[in-house]
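So you can see what is in the structure, the chains are spelled out below.
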Amino acid sequence: TPNGHLAPGPRHRTPVGFLRTMRRDPIAMLMDAARCYGDVVTFRYGPTPRWSFTLVVHPEHVKHILQDNNHNYVRGVIFGRVKVLAGDGLITTEGEFWRRQRRLAQPAFHRARIGALATLMTEATETLLARWAPHAASGAPLDVADEMKRLTLAIAGRALFGIDLSDEADRVSRDVTIGLEFVNRRMHQILPLPMFVPTPAALRFRRSRRALDRIVYGIIAERRASGRDTGDLLSMLLATRDEETGEAMSDRQLRDEVMTFLFAGHETTAVALSWTWYLLSRHPEVAVRLADELRRVLAGRVPALEDLPALPYTRQVIEEAMRLYPPAWGNGRQAVAEDTIDGFRIPAGTLVGFSPYVTHRHPALWENPEAFDPDRFAPERTNGRPRYAYFPFGGGPHRCIGEDFALLEAQLVVATIAQRYRFDLVPGHPVVAQPLVTLRPRDGVLATLRAA
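Residues numbered from 1 in each chain as written. Predicted model: local features only at pLDDT ≥ 70, side-chain atom pairs only at ≥ 80, totals over all residues. Heavy atoms only, no water.

1. Here's the deal with the pattern of salt bridges
Next, step 1: Taken as a whole and judged by the stated rule, the model has 31 salt bridges.
Next, step 2: The partner of Asp146 in a salt bridge is Lys149, with the nearest N and O atoms 3.5 Å apart. A residue pair is termed a helical-turn pair when its members lie 3 or 4 positions apart in one helix, as Asp146 and Lys149 do in helix 9 (residues 144–161) at 3 residues.
Next, step 3: Overall, Asp146 belongs to the partly exposed group, its relative accessible area being 39%.
Next, step 4: One salt-bridge network, held together by shared partners, links Asp213, Arg252, Arg255 and Asp256. (Salt bridge = Lys/Arg side-chain N within 4 Å of Asp/Glu carboxyl O. Helix = DSSP H or I, 4+ residues; strand = E, 2+ residues; numbered from the N terminus. Buried < 20%, exposed > 50% of the residue type's maximum accessible area, 1.4 Å probe, protein only.)

In structure tokens, the structure reads:
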């Protein structure tokens, strides 16, 4: 039973002070709190326990929220603020509506169906490599983060919706960035202004959202008009009917799901790949070992799905990059009823946060946690590691539906590019993590190409 005590943690005089500190450098704030106070930390910023935010760090506590007692922890008010961009898609919804939408989308992400997309993924990567040839010849730098966004958008467009978004890549990337920054600000405000208030930021966001909507509604209209069933995610969503009413999904429902998967299907994988190349460029000994594995197994040819079991180190490199820089770096839930975690009280209505970034650096779980060491994910070192010591894709019923898709894509992209090129970081260019909704490199990753 609850002992009535909140977990220890820092006090702020007002919610404004707490949010200002959080907005300034949320990762440093959470890391410092975990170091100072332990595995359960409560930030207090008001007169009663309800005016608090609790961070949980230990894998067992994360498991309690995401899995064991997940019915008591809803997405709540914070995720509600993401709806201005994603609408009522899988990322933002709960309950029966979420279960229905998840059930409808699940077949598109079955392993056999995802495996059939491997050739599409490597073809898109080969196209990107051809576009890089002038940079390789001239030594002109390129922004690896932008290039990864372009690539993953092309793959998501073709794999999930059967269309080529290459020509839209720069525009979509810009509008997604504006959307992420706007949503991030709203998530760190006590009382966000209503959307109809014409602030400069809101007007800019609405323009970008309209631009994204034009693309998404255009995809839906084209597919409805053609009547084609290409077996992709959009075809499945269009063909589905409500079990009770027999009704098809409305354009608005389709828009919300397409927007969700367009965002999640390219943004998070692009971020993971960007940090992977950054870390490989900082650790040439890892890049050499990766190249040796690729040379031994592939001998210069394009990787295929059946090659992946023979490329364990390639996967370990990606997993370790996502340990250090998890794209979905922080998350949270809201307690429905009062609960207890590690003996500390969690009042009903409390916001409870957890961060893969923080847990992935827990010194009791990871030796030398700041070091880049892909061997951490060798089988002999993963045995016995707690399930939620590493959770870049979340967990429990809401675990990312696209996990297999993202890992397949990342492995094929890395195996294709690393056979051809290595990246040398441009000296003096800052590479700094920017914790928005995703953990982007704030100023990109500027690098030159060198033959592998």
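2. Some points on helix 3 (residues 59–68)
Next, step 1: Looking only at helix 3, the buried set comprises Pro59, His61, Val62, Ile65 and Leu66. Angular distribution of buried residues about the axis of helix 3 spans 165 degrees; they occupy a single face of the element. (Arc of directions from axis to C-beta.)

3. Some words on the nonpolar core
Where a protein is soluble and globular, its nonpolar side chains tend to be buried together.
Next, step 1: In this structure, Trp132, Met148, Phe161 and Trp277 are the most contacted members of the largest nonpolar core, which totals 124 residues.
Next, step 2: Top element by residues in this core is helix 13 (residues 251–282). It accounts for 15 residues.
Next, step 3: If you look at the next biggest cluster of nonpolar residues, it comprises 14 residues, including Ala7, Val40, Ile65 and Phe391. (Core = buried A, V, L, I, M, F, W, Y, C linked by side-chain atoms within 4.5 Å.)

4. Quick notes on the pairing of strand 8 (residues 351–354)
Next, step 1: Here 4 bridges tie strand 2 (residues 52–56) to strand 8, and the two strands are oriented parallel to one another. Note on strand 8: the bridge partner recorded for Val56 is Phe354.
Next, step 2: Two elements, strand 5 (residues 331–335) and strand 8, share 4 bridges in a ladder whose sense is antiparallel. From the neighbouring strand, Arg333 faces strand 8, where its bridge partner is Val352. (Pairing = 2+ DSSP bridges.)

5. Some thoughts on the packing of aromatic side chains
Next, step 1: Inspection of the entire model under this criterion finds 18 aromatic pairs.
Next, step 2: Summarising the aromatic geometry, the rings of Tyr278 and Tyr325 are spaced 6.5 Å apart at their centres and angled 80 degrees between planes, so their arrangement reads as edge-to-face. On the criterion of sequence distance, the pair formed by Tyr278 in helix 13 and Tyr325 in the loop between helix 15 (312–324) and strand 5 is long-range, its members being 47 residues apart.
Next, step 3: Since its relative accessible area comes to 9%, Tyr278 is described here as buried.
Next, step 4: Judged by relative accessible area, Tyr325 falls into the buried class, the value being 15%.
Next, step 5: Among the aromatic residues, ring-to-ring pairing joins Phe18, Phe43, Tyr45 and Phe53 into one connected group.
Next, step 6: We note Arg385 situated over the ring of Phe377; from NZ or CZ to the ring centre the distance is 5.4 Å. (Phe/Tyr/Trp six-rings, centres within 6.5 Å; stacked < 30°, edge-to-face > 60°. Lys NZ or Arg CZ within 6 Å of the ring centre and 35° of its normal.)

6. Re the environment of Thr382
Next, step 1: With respect to the helices, strands and loops of the structure, Thr382 is situated in helix 17 (residues 379–382).
Next, step 2: On the basis of relative accessibility, which here comes to 26%, the residue Thr382 falls in the partly exposed class.
Next, step 3: Residues in contact with Thr382, not counting those within four places in the same chain, are Arg376 and Phe377. (Contact = heavy atoms within 4.5 Å.)

7. Side note on the sheet that holds strand 3 (residues 73–74)
Next, step 1: The 5 strands are arranged 1-2-8-5-3 in an open sheet whose pairing can be described as mixed. Across the chains shown, the open sheet's two edge strands, defined by having one partner strand only, are strand 1 (40–44) and strand 3.
Next, step 2: Taken together, the 5 bridges between strand 1 and strand 2 define a ladder with antiparallel strand orientation. By the bridge assignment, Arg44 is partnered in strand 2 with Ser52.

8. Thoughts on unusual backbone geometry
Glycine aside, residues mostly have negative phi angles, and peptide bonds mostly take the trans form.
Next, step 1: Located in the positive-phi region is Asp342, a residue other than glycine, with phi close to 55 degrees.
Next, step 2: Position of Asp342 among the secondary structure elements: in the loop between strand 6 (339–341) and strand 7 (344–346).
Next, step 3: Phi is positive for Asn368, close to 45 degrees, though the residue is something other than glycine.
Next, step 4: Looking at where Asn368 falls in the secondary structure, it is placed in the loop between helix 16 (356–359) and helix 17.

9. Digging into the sheet that holds strand 9 (residues 421–425)
Next, step 1: Strand order in the open sheet formed by 3 strands is 4-12-9, with antiparallel pairing between adjacent strands. Both edges of this open sheet fall to strand 4 (142–143) and strand 9, since each of them pairs with a single strand only.
Next, step 2: Most of the contacts of helix 8 (residues 118–138) go to strand 9, to which it runs at about 50 degrees, and overall it touches strand 4, strand 9 and strand 12 (446–451). (Axes fitted to C-alpha atoms, helices over the stretch in contact; angles between N-to-C directions.)

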